[in-house]
Amino acid sequence: MTEQFQLTEDQLAIQEMARRFTADNITPNAAKWDEEHSFPRDVVTAAGELGFGSIYISEEMGGIGLGRLESALIFEALSYGCPATAAFISVHNMASWVIDKFGDDQLKQRYLPGLVTMEKLGSYCLTEPSSGSDAAALRTVAKLEGDNYVVNGTKQFTTGGGVNDYYTVMVRTGQDGPKGVSCLVIEKGWEGVSFGAPERKLGWNASPTAQVIFDNVRVPVENRVGEEGDGFKFAMAGLDGGRLNIGACSLGGAQRCLDEAIQYVKDRSQFGKAIADFQNTQFTLADMATDLEAARALLYLAAAKVTAGAPDKTRFAAMAKKLASDSGSEIVDKALQMFGGYGYLMDYPIERFWRDLRVHRILEGTNEVMRMIVGRDLLR
């Protein structure tokens, strides 16, 4: 932003490009992907051609090197068509960014060329069956044997599990707690890597999710990202950006449902007049729009702080994710109520957004954990 609350010309151009891509490639097809539980690999590839697979990857490594605000603008636009597809691309960016930011040159050279173009897809593996919010309690173990780590364990709720090519995996190489966590890059085709059945989910049906299982997987030492014991630090740094992206996806989905509701209440008549003419309808729309703009303003501010490396960036990312995902779900729910029984039907997009946005209050750290982060930071 060059002036307070004003996007630059470059940022507006990026936003418009993402909106056009969404209107042409995502919005017309998203309902079908959801109904058929199909993953739109061709659309993801097309997004990669625009640089959306390497939004904040360094230009030196072939990325487009943008900041977190520009990233938020892109994911907000993509999620206007399909939050599940937008979030899938967000996870790919997060997995790639960890390699670009913290990996050594040989690791970057081996993996980033394919990830940048999205010819290869990346997953981020932190959560486990027994460790969700308590991520530092992870149990996937990597024991050093000569020039390899031998990895055993299971990762849960992995976006792209079984589909993606590369997995940025947090493993335990040392003591209990965060200081014993390291980060490895593991390939799909390696011996001992397998996947659970696709998860049967409430929403996000266009985005594949499955367990990733490691059974005596031998991982070369050169596939370690950074030093031993630094993995949890990398994971938390990645989550600052991931939370902004998920918040932006909530904004985009909420904006779509607000727009749909405005049009619907103009067209729908009851008791002899358009339901838009009822004061209750106008008050509800006013609340929806106000909550959306408040969440958007906080998220854009948090994005600027994360890009700048501000001391309070993690607190602001947590606040923004919490407000955007809470508000997004509430706005979509109010839109569904305005549609009445029609909002409950798959013939209209509202119910899909209602299902897709619900998980945003859980992933990238539950909103209860966001409150913990904010509260602890305030009391330091």
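No experiment lies behind these values; they were computed from the predicted model shown.

**Student:** Please provide a residue-by-residue account of the packing of helix α8 (residues 279-308) against helix α9 (residues 313-339), values included.
**Tutor:** When two helices pack together, their arrangement is captured by the angle between the axes and the distance separating the axes. Relative to each other, α8 and α9 sit at 160°, their axes nearing to 8 Å. As the angle between them shows, α8 and α9 are arranged roughly antiparallel. Where α8 crosses over α9, the handedness of that crossing is left-handed. For the contact of α8 with α9, the per-class residue count stands at 19 nonpolar, three polar and five charged.

**Student:** Explain the environment of T27 to me, and be specific about the residues and the numbers.
**Tutor:** If you trace the backbone, T27 turns up in the loop between α1 (9-26) and α2 (30-36). Spatially, the C-alpha atom of T27 lies 14 Å from that of D356, the residues being 329 residues apart in sequence. Among all residues touching T27, those that are not within four sequence positions of it are T22, G81 and R256.

**Student:** Which residues make up α9, and what are the values?
**Tutor:** The terminal C-alpha atoms of α9 lie 38 Å apart, and with 27 residues this matches the ideal 39 Å at 1.5 Å per residue to within 8%. Positive backbone phi, at 65°, marks G340, one or two positions downstream of α9.

**Student:** Which residues make up the pattern of salt bridges, and what are the values?
**Tutor:** As a working rule, side chains carrying opposite charge can pair if their charged atoms are close by. One pass over the structure, following the stated rule, counts 16 salt bridges. A salt bridge links R296 to E293; the nearest nitrogen and oxygen atoms lie 2.9 Å apart. Residue R296 and its partner E293 are both found in helix α8; the two are separated by three residues, about one turn of the helix. Given a relative accessible area of 44%, E293 falls into the partly exposed group. With a closest N to O distance of 3.7 Å, D326 and R361 form a salt bridge. Of the two residues, D326 sits in helix α9 while R361 sits in the loop between α10 (350-358) and α11 (367-378), which places them 35 residues apart along the sequence. Given a relative accessible area of 15%, D326 falls into the buried group. Salt bridges sharing partners connect three or more residues here, namely K322, D326, R361 and R371.

**Student:** So what's going on with the packing of aromatic side chains? Residues and values would help.
**Tutor:** Aromatic ring pairs are described here by two measures, namely the spacing of the ring centres and the angle between the planes. With the rule as written, the count across this model stands at 10 aromatic pairs. A ring pair is formed by F339 and Y348, whose centres lie 5.6 Å apart and whose planes are at 65°; its orientation type is edge-to-face. By relative accessible area, which is 3% here, F339 ends up buried. An aromatic cluster of three or more residues is present, and its members are Y264, F339, Y342 and Y348. Sitting over the ring of Y56, R68 keeps its end group 3.6 Å from the ring centre. Above the face of the F316 ring, K305 is positioned so that its terminal group lies 4.5 Å from the ring centre.

**Student:** Describe the nonpolar core, with residues and values.
**Tutor:** Formed by 95 residues in total, the largest nonpolar core has its most connected members in F75, L78, Y124, L126, M170, L244 and L299. Here this core takes 15 residues from helix α7 (residues 231-267), the largest share from any one element. If sequence neighbours within four positions are ignored, Y124 has contacts with V91, M94, A95, V98, T158, T168, M170, A235 and L239. In terms of nonpolar packing, the next biggest core, distinct from the first, is built from 14 residues, C125, Y149, V212 and F214 among them.

**Student:** How would you explain the pairing of strand β4 (residues 166-172) if you had to name every residue and give the values?
**Tutor:** Along β4, seven of the seven residues are buried, which leaves the element largely enclosed by surrounding structure. Burial along β4 is two-sided: the residues Y166, T168, M170 and R172 and Y167, V169 and V171 are all buried. Bridge count for strand β1 (residues 122-125) against β4 is four bridges, and the pairing is parallel. Directly across from G122, in β4, lies its bridge partner Y166. With seven bridges joining them, β4 and strand β5 (residues 181-187) adopt antiparallel strand pairing.

**Student:** Before we move on, can you summarise the side chain of T22 with the specific residues and values?
**Tutor:** Residue placement: T22 occurs in helix α1. Classification of T22 by relative accessible area gives buried; the value is 2%. In this structure T22 touches T27, P28, A77, L78, Y80 and G81, once residues within four positions along its chain are discounted.

**Student:** Mind laying out the pairing of strand β2 (residues 141-145), listing which residues take part and the relevant values?
**Tutor:** Relative to strand β3 (residues 148-159), β2 runs antiparallel, the two being bridged by five bridges. Across the sheet, K143 pairs through a bridge with V150, a residue of β3.

**Student:** Quick one: what's the story with the side chain of R315, residue by residue and with numbers?
**Tutor:** Mapping R315 onto the fold places it in helix α9. A distance of 2.5 Å separates polar atoms of two side chains, one belonging to R315 and the other to D377. Those residues in contact with R315 that lie beyond four places of it in its chain are V374, D377 and L378.

So, how was this worked out
- Residues numbered from 1 in each chain as written.
- Predicted model: local features only at pLDDT ≥ 70, side-chain atom pairs only at ≥ 80, totals over all residues.
- Heavy atoms only, no water.
- Axes fitted to C-alpha atoms, helices over the stretch in contact; angles between N-to-C directions.
- Helix = DSSP H or I, 4+ residues; strand = E, 2+ residues; numbered from the N terminus.
- Parallel < 35°, antiparallel > 145°, perpendicular 65-115°, else oblique.
- Left-handed = near helix turned anticlockwise from the far one by under 90°.
- Nonpolar A, V, L, I, M, F, W, Y, C, P; charged D, E, K, R; others polar.
- Contact = heavy atoms within 4.5 Å.
- Expected span 1.5 Å × (residues − 1).
- Salt bridge = Lys/Arg side-chain N within 4 Å of Asp/Glu carboxyl O.
- Buried < 20%, exposed > 50% of the residue type's maximum accessible area, 1.4 Å probe, protein only.
- Phe/Tyr/Trp six-rings, centres within 6.5 Å; stacked < 30°, edge-to-face > 60°.
- Lys NZ or Arg CZ within 6 Å of the ring centre and 35° of its normal.
- Core = buried A, V, L, I, M, F, W, Y, C linked by side-chain atoms within 4.5 Å.
- Pairing = 2+ DSSP bridges.
- Polar contact = N/O pair within 3.5 Å; in protein donor to acceptor, adjacent residues only side chain to side chain.

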